[in-house]
Amino acid sequence: MTAALELVDVEVAYERRHQSPVRAVVGASISVERGRIVGLVGESGCGKSTLARAAVGLVRTTGGSVTFDGSPVTPLDRRARSRPLARLQMVFQDPQSSLNPRRKVGAQIADALSDLELVSKRDQQARVEELLRQVGLPASTAGRHPHQLSGGQRQRIAIARALAAEPSVIVLDEPLSALDASAQAQVANLLVTLCRTLDIGMLLISHDLALVNQIADEVAVMYLGLVVEQAPTRELWSSPRHPYTEALIGSIPRADGNKSTPVVLAGEVPNPAAPPPGCRFHTRCPHAFERCLVEAPPLVSIEPGRTQACWLQRVG
Ligand SMILES: Nc1ncnc2c1ncn2[C@@H]1O[C@H](COP(=O)(O)OP(=O)(O)O)[C@@H](O)[C@H]1O
Ligand SMILES: [Mg+2]
């Protein structure tokens, strides 16, 4: 059985006038099944948002394929708002910008219901209240405007609006980054509950590996447009196989104040318009050797459910 959302070798290049294109995503394969949370992590600029937009048909891919429930996702479908594609939803980082400031939030959720003709006009209000309850808000929230709500409440509204479409997969691009720590923890718990109770697959994009570690079932790590490692969360966290993953984990402060491995992530992410030859990570990798400078390691399966792209550790 194929996954609900399947990205295979996806590439996205942004054309620029008088300059070489920015190859923001050069090869990313990710599957998201219903009822599972797949984390996608990596530093700023590595192509996470571009991949998210490609996944829901908001940006045109220049290579590879994106399929949702077995049908190809293309920007054209999106514009035509095909009914099946409505079951693939997206939630953005900043709920403020994705909500209309002048309309009551209940009306905005109702709009999503009317667009899709999922419930009769008569049942609309009850459905709005049910959606609010599902995201942990009282029914009275429907009468509020976005500015009367906290950041966490606004993100819950954005999630309720996505749920209105009865999605099988939701792509969430940094959904917790704009929230304070306590709202972050609460909305993170909400996502897990929704994933399990409504059998929704989630592609959870975040630069915060510690947070992803808490709620994702599996994690894909991206570096400069490439997925470099993918594994079940616990395995990735306890035994990272790619030096970049190791460095990301090592840079996270532990509860005991010790860092597990020395921080090796020196320097900036290279410019994706002029990436280093060979392995894209070699300029920052403490283990790089000759082959890494000239030949890019392919993403290969190293054990069931785990892939990585590194010339080291090719056995085991
Ligand atoms: N519309 C665009 N045109 C040209 N370059 C872009 C565009 N959007 C993003 N980029 C570039 O693509 C790369 C990846 O960006 P992005 O997908 O936003 O990464 P992330 O979400 O991981 O921070 C960056 O170098 C960024 O500057
Ligand atoms: Mg981004």
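Presented here is a report on the structure given in the accompanying data block. Everything numeric here is computed off the predicted structure, so don't read it as measured data. (Residues numbered from 1 in each chain as written. Chains lettered and ligands numbered in written order. Predicted model: local features only at pLDDT ≥ 70, side-chain atom pairs only at ≥ 80, totals over all residues.)

**Considerations on the overall build of the protein**
- A tally of helices and strands in the protein yields 11 helices and 12 strands.
- Relative to a compact globule of 316 residues, whose C-alpha radius of gyration would be 20 Å, the protein shows 20 Å and is just as compact.
- C-alpha extents for the protein along the principal axes are approximately 70 × 45 × 40 Å.
- Burial analysis of the protein (316 residues in total) assigns 42% to the buried set. (Helix = DSSP H or I, 4+ residues; strand = E, 2+ residues; numbered from the N terminus. Rg over C-alpha atoms; globule rule 2.2 N^0.38 Å. Buried ≥ 20, exposed ≤ 12 C-beta atoms within 10 Å, placed from the backbone.)

**Things to note about the site of ligand 1**
- Neighbouring ligand 1 are Y14, V22, A24, G42, S44, G45, C46, G47, K48, S49, T50 and P272.
- Those elements giving two or more residues to the shell around ligand 1 turn out to be β2 (19-32) and α1 (48-55).
- Broken down by element, the shell around ligand 1 gets its largest block of residues, 3 residues, from α1.
- In the shell around ligand 1, the residues fall into 5 nonpolar, 6 polar and 1 charged. (Near = placed C-beta within 6 Å. Nonpolar A, V, L, I, M, F, W, Y, C, P; charged D, E, K, R; others polar.)

**Observations regarding helix α4 (residues 105-116)**
- Its 12 residues place the ends of α4 17 Å apart at the C-alpha level, agreeing with the 16 Å of an ideal helix rising 1.5 Å per residue.
- Every buried residue belonging to α4 is among V105, G106, Q108, I109, A110 and L113, and all of these are buried.
- Of the surrounding elements, those touching the buried residues of α4 are α5 (124-134) and α6 (151-163).
- With its phi angle positive at about 50°, E117 sits one or two positions after the end of α4. (Expected span 1.5 Å × (residues − 1). Contact = placed C-beta atoms within 7 Å.)

**Brief notes about the packing of α4 against α5**
- Taken N-terminus to C-terminus, the directions of α4 and α5 make an angle of 110°; their axes are 10 Å apart at the nearest point. Overall, the two elements α4 and α5 adopt an arrangement that is roughly perpendicular. Viewed along their axes, α4 and α5 form a crossing whose handedness is right-handed. Contacts between α4 and α5 involve G106, I109, A110 and L113 on the former and, on the latter, Q124, R127, V128 and L131.
- Grouping the constituent residues of the contact of α4 with α5 by class yields 5 nonpolar, 2 polar and 1 charged. (Axes fitted to C-alpha atoms, helices over the stretch in contact; angles between N-to-C directions. Parallel < 35°, antiparallel > 145°, perpendicular 65-115°, else oblique. Left-handed = near helix turned anticlockwise from the far one by under 90°.)

**Section: the pairing of strand β11 (residues 300-303)**
- By the bridge criterion, 3 bridges tie β11 to strand β12 (residues 306-308) in an arrangement that is antiparallel. Bridging across to β12, V300 finds its partner in Q308.
- If you look at the hairpin formed by β11 and β12, you'll find 2 residues sitting between the two strands, and G305 has a positive phi there, around 80°. (Pairing = 2+ DSSP bridges.)

**Things to note about the pairing of strand β7 (residues 169-173)**
- Across the 5 residues of β7, 5 count as buried, placing the element largely inside the fold.
- Side chains of β7 alternate between two faces, with V169, V171 and D173 and I170 and L172 buried alike.
- Two elements, strand β6 (residues 88-91) and β7, share 4 bridges in a ladder whose sense is parallel. When the sheet's bridge partners are listed, V91 is paired in β7 with L172.
- As defined by bridge partners, β7 adjoins strand β8 (residues 201-206) across 5 bridges and the pair is classed as parallel. Bridge pairing in β8 places V169 opposite G201.
- In terms of handedness, the path from β7 via helix α7 (residues 181-198) over to β8 forms a crossover that is right-handed. (Right-handed = clockwise from strand over helix to strand, strands pointing away.)

**Considering the packing of α4 against α6**
- Closest axis-to-axis distance for the α4/α6 pair is 8 Å, and the angle between their directions is 25°. Viewed along their axes, α4 and α6 adopt a mutual orientation that is roughly parallel. Two packed elements cross with a definite hand, and for α4 against α6 that hand is right-handed. Every residue of α6 that contacts α4 at V105, Q108, I109 and A112 is listed here: I157, A160 and R161.
- Split by residue class, the contact of α4 with α6 holds 5 nonpolar, 1 polar and 1 charged.

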